[in-house]
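Commentary on secondary and tertiary structure
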Amino acid sequence: EKGGYDYFMLKEIAEQPRAVADTLLGRIGADGRLTLDEMRISDRELREVDKIIIVACGTSYHAGLIAKYAIEHWAGLPCEVELASEFRYRDPILSRSTLVIAISQSGETMDALMAVRHAREQHAKLLGICNVNGSTLPRECDGVLYTHAGPEIAVASTKAFLTQLVAVYLIALYIAQVRGTKFGDEVFAMIQLLAQMPEKVDEVLGTMEPVRELARSLAGEKSVLFLGRHVGFPVALEGALKLKELAYMHAEGFAAGELKHGPIALIEPGLPVIVVVPPRSRDVLHDKIVSNIQEIRARGARTIVIAEEGDTSVEPYADTLIGVPAVPTLFQPLVTTVPLQVFACELATAKGHDVDQPRNLAKSVTVE
Ligand code: F6R
């Protein structure tokens with residue numbers, strides 16, 4: 001049942017190109033436009049939306065954080081992202097023209113369900129992104145967009161996360177298409193590029209041996225930091241979460257721009273710091289992070305840099321360089337998350353942990 005792999009997690013990491021492809025399947029028309037039939041929220045209703053709020057927990061929340069960048073950029077709508085457990089005890093300002101998107105792999109996470117009920121009471125429109133057919137979340141929402149990751153058995157979410165990203169890109173691009181935002185041509189081009197992402201994820205998977213080696217060499221470390229900017233920031237959070245839950249190691253993700261506001265005090269000689277570098281095409285963003293890498297290296301940190309293949313500008317400052325295929329900035333999490341999943345999985349295995357069943361964790365959290 002593990003298809004020849006020692007752990008479900010390894011199998012699920014390997015299934016990601018197919019999971020991404022399946023989530024795109026049937027949603028990009030021959031004319032290059034998106035159709036999201038099963039969404040059950042009409043185009044007219046979508047045109048009325050003036051604000052989007054995303055609610056989710058854990059890894060799904062990280063998908064939500066990435067969604068914000070895509071929705072603001074392509075759909076041109078204000079977007080807030082909330083931890084479901086916080087949202088439901090606040091007094092959020094919602095109306096009939098607010099679209100609340102709840103992201104949950106299992107569709108059974110109590111905090112996410114309670115957040116949806118909270119939003120319904122205030123007449124918001126509700127859209128679920130969910131991986132499990134027939135689960136509770138889709139029933140509680142007006143519409144649903146299923147991810148087609150297939151059953152995810154390992155407790156740590158991997159392929160579901162990548163398909164959640166695909167789902168939020170589809171939604172952001174679809175809303176842009178329906179509303180006809182100023183990025184019309186870009187939207188059309190991005191839909192075409194999204195279709196190529198399964199191959200890009202597959203490419204990354206083919207180059208993971210050095211990452212596994214690195215992970216084994218760091219099994220004795222006490223702490224690992226993760227840094228990113230823009231959509232690389234949620235990727236850093238996700239990398240840290242994976243390492244905590246699987247390797248039981250202290251790990252933290254930071255927005256690289258926040259370094260000098262505190263976290264840089266944590267940098268000490270030998271501390272492994274993993275940095276996610278945006279594509280070179282985003283010059284300002286890219287240069288900023290290169291100077292962050294220089295700053296932490298000057299303080300003796302061991303820099304592990306994830307950057308676009310052929311990005312030679314980071315070479316002088318990287319103790320270890322992990323190359324990923326060049327893709328548009330907003331899609332980069334699809335390729336930069338994979339090495340972090342492999343890293344956490346391998347490091348935890350080297351420490352002798354069962355990566356499918358980390359201690360104290362359950363696959364779906366049906367209590368508050
Ligand atoms: C982390 C992980 C959890 C879940 C979270 C939400 O690897 O799996 O953080 O992402 O419990 O679960 P769902 O998406 O089922 O609502």
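For the structure, see preceding data.
Just so we're clear, the structure is a prediction, and the values are computed from it rather than from any experiment.

1. Overview of the site of the ligand
Taken together, 13 residues sit near the ligand, with Ser60, Ser104, Gln105, Thr109 and Glu245 positioned nearest. Measuring from an oxygen atom of the ligand, one finds a side-chain N or O atom of serine 60 at 2.6 Å. Interatomic distance of 2.8 Å between a side-chain N/O atom of lysine 242 and an oxygen atom of the ligand. In isolation the ligand offers 410 Å² of accessible surface; the protein chains occlude 90% of this area. Of the residues forming the shell around the ligand, the biggest block, 3 residues, is contributed by helix α4 (residues 58-75). Grouping the constituent residues of the shell around the ligand by class yields 3 nonpolar, 8 polar and 2 charged.

2. Observations concerning the sheet that holds strand β4 (residues 125-130)
Ordered by their spatial adjacency, 5 strands build an open sheet running β2-β1-β3-β4-β5, and the pairing between neighbours is parallel. Strand pairing shows two members of the sheet lacking a second neighbour, β2 (79-83) and β5 (143-146), which therefore form its edges. Here the average twist between neighbouring strands, direction ignored, is 20 degrees. With 6 bridges joining them, strand β1 (residues 51-56) and strand β3 (residues 98-104) adopt parallel strand pairing. Residue pairing in the sheet places isoleucine 54 in a bridge with isoleucine 101 of β3. Together, β1, β2 and β3 form the strand contacts of α4, whose direction differs from that of β2 by roughly 175 degrees. On top of the sheet, helix α6 (residues 110-121) reaches β1, β3 and β4; it is set at about 160 degrees to β4, its chief contact.

3. A look at a negative patch on the surface
Among the surface-exposed residues, Glu199, Asp202, Glu203 and Glu309 lie close enough to one another that they form a single negatively charged patch. Turning to its location among the elements, glutamate 309 is positioned in the loop between β9 (302-308) and β10 (320-324).

4. Topic: the pairing of β5
Of the two faces of β5, the one holding Gly143 and Leu145 and the one holding Val144 and Tyr146 are both buried throughout. With 4 bridges joining them, β4 and β5 adopt parallel strand pairing. Along β5, the bridge assignment pairs isoleucine 129 with leucine 145.

5. Digging into the packing of helix α12 (residues 232-247) against helix α14 (residues 332-350)
Axis separation between α12 and α14 bottoms out at 9 Å; the angle between their running directions is 20 degrees. It follows from the interaxial angle that α12 and α14 lie roughly parallel. The crossing of α12 and α14 is right-handed. Contacts between α12 and α14 involve Val235, Glu238, Gly239, Lys242, Leu243, Leu246 and Ala247 on the former and, on the latter, Pro333, Thr336, Thr337, Leu340, Phe343, Ala344, Cys345, Leu347 and Ala348. Along the lines of polarity and charge, the residues of the contact of α12 with α14 split into 11 nonpolar, 3 polar and 2 charged.

6. Looking at the side chain of glutamate 238
Looking at where glutamate 238 falls in the secondary structure, it is placed in helix α12. In terms of polar contacts, glutamate 238 uses its side chain to reach the side chain of lysine 242, at 2.7 Å. Residues within four places of glutamate 238 in sequence aside, it is in contact with Thr59, His62, Ser157, Phe161 and Thr337.

7. So, the sheet that holds strand β8 (residues 272-276)
With parallel pairing, the 5 strands of this open sheet are ordered in space as β7-β6-β8-β9-β10. Edge positions in the open sheet fall to β7 (250-255) and β10, since each of these has one partner strand only. Between one strand axis and the next, the sheet turns by 20 degrees as a mean value, whatever way the strands run. Here β9 pairs with β10 via 5 bridges, running parallel. From the neighbouring strand, isoleucine 306 faces β10, where its bridge partner is isoleucine 322.

8. Some thoughts on α6
Its 12 residues place the ends of α6 17 Å apart at the C-alpha level, agreeing with the 16 Å of an ideal helix rising 1.5 Å per residue. Among all positions of α6, only Asp111, Ala112, Leu113, Ala115, Val116, His118 and Ala119 are buried. Residues of α6 that are buried sit in contact with β1, α5 (84-87), β3, β4 and α7 (136-140). With its phi angle positive at about 65 degrees, histidine 123 sits one or two positions after the end of α6.

9. Looking at the environment of isoleucine 129
One can find isoleucine 129 in strand β4. For isoleucine 129, the residues in contact, after removing those within four places along its chain, are Ile101, Ala102, Ile103, Ser104, Leu137, Leu145, Thr147, Gln164, Ala167, Val168 and Ile171.

10. Looking at the packing of aromatic side chains
In this description, a pair of aromatic rings is defined by centroid distance and the angle of the planes. Taken as a whole, this structure holds 2 aromatic pairs when the rule is applied. Among the aromatic residues, those joined into a ring-pair cluster are Trp74, Tyr169 and Phe331. Above the ring of tyrosine 248, the side-chain terminus of arginine 359 is found at 3.9 Å from the ring centroid.

11. Here we look at the pattern of salt bridges
Tallying each qualifying case throughout the model produces 18 salt bridges. Residue arginine 280 pairs with glutamate 308 through a salt bridge whose shortest N-O separation is 3.0 Å. Placement of arginine 280 in the loop between β8 and α13 (283-298) and of glutamate 308 in strand β9 is noted, with a sequence separation of 28 residues between them. Look at glutamate 308 and you get buried, because its relative accessible area is 8%. Look at the salt bridges and you will find they share partners, linking Glu209, Arg212, Arg216 and Glu346 into a network.

About the thresholds
Residues numbered from 1 in each chain as written. Predicted model: local features only at pLDDT ≥ 70, side-chain atom pairs only at ≥ 80, totals over all residues. Heavy atoms only, no water. Near = heavy atom within 4 Å. Polar contact = N/O pair within 3.5 Å; in protein donor to acceptor, adjacent residues only side chain to side chain. Areas by Shrake-Rupley, 256 points an atom, 1.4 Å probe, with all protein chains shown as cover. Helix = DSSP H or I, 4+ residues; strand = E, 2+ residues; numbered from the N terminus. Nonpolar A, V, L, I, M, F, W, Y, C, P; charged D, E, K, R; others polar. Pairing = 2+ DSSP bridges. Axes fitted to C-alpha atoms, helices over the stretch in contact; angles between N-to-C directions. Contact = heavy atoms within 4.5 Å. Patch = residues over 30% accessible without salt bridge, like charges linked within 9 Å, V, L, I, M, F, W, Y side chains within 5 Å. Salt bridge = Lys/Arg side-chain N within 4 Å of Asp/Glu carboxyl O. Lys, Arg positive; Asp, Glu negative; His and termini not counted. Charge placed at Lys NZ, Arg CZ, Asp CG, Glu CD. Buried < 20%, exposed > 50% of the residue type's maximum accessible area, 1.4 Å probe, protein only. Parallel < 35°, antiparallel > 145°, perpendicular 65-115°, else oblique. Left-handed = near helix turned anticlockwise from the far one by under 90°. Expected span 1.5 Å × (residues − 1). Phe/Tyr/Trp six-rings, centres within 6.5 Å; stacked < 30°, edge-to-face > 60°. Lys NZ or Arg CZ within 6 Å of the ring centre and 35° of its normal.

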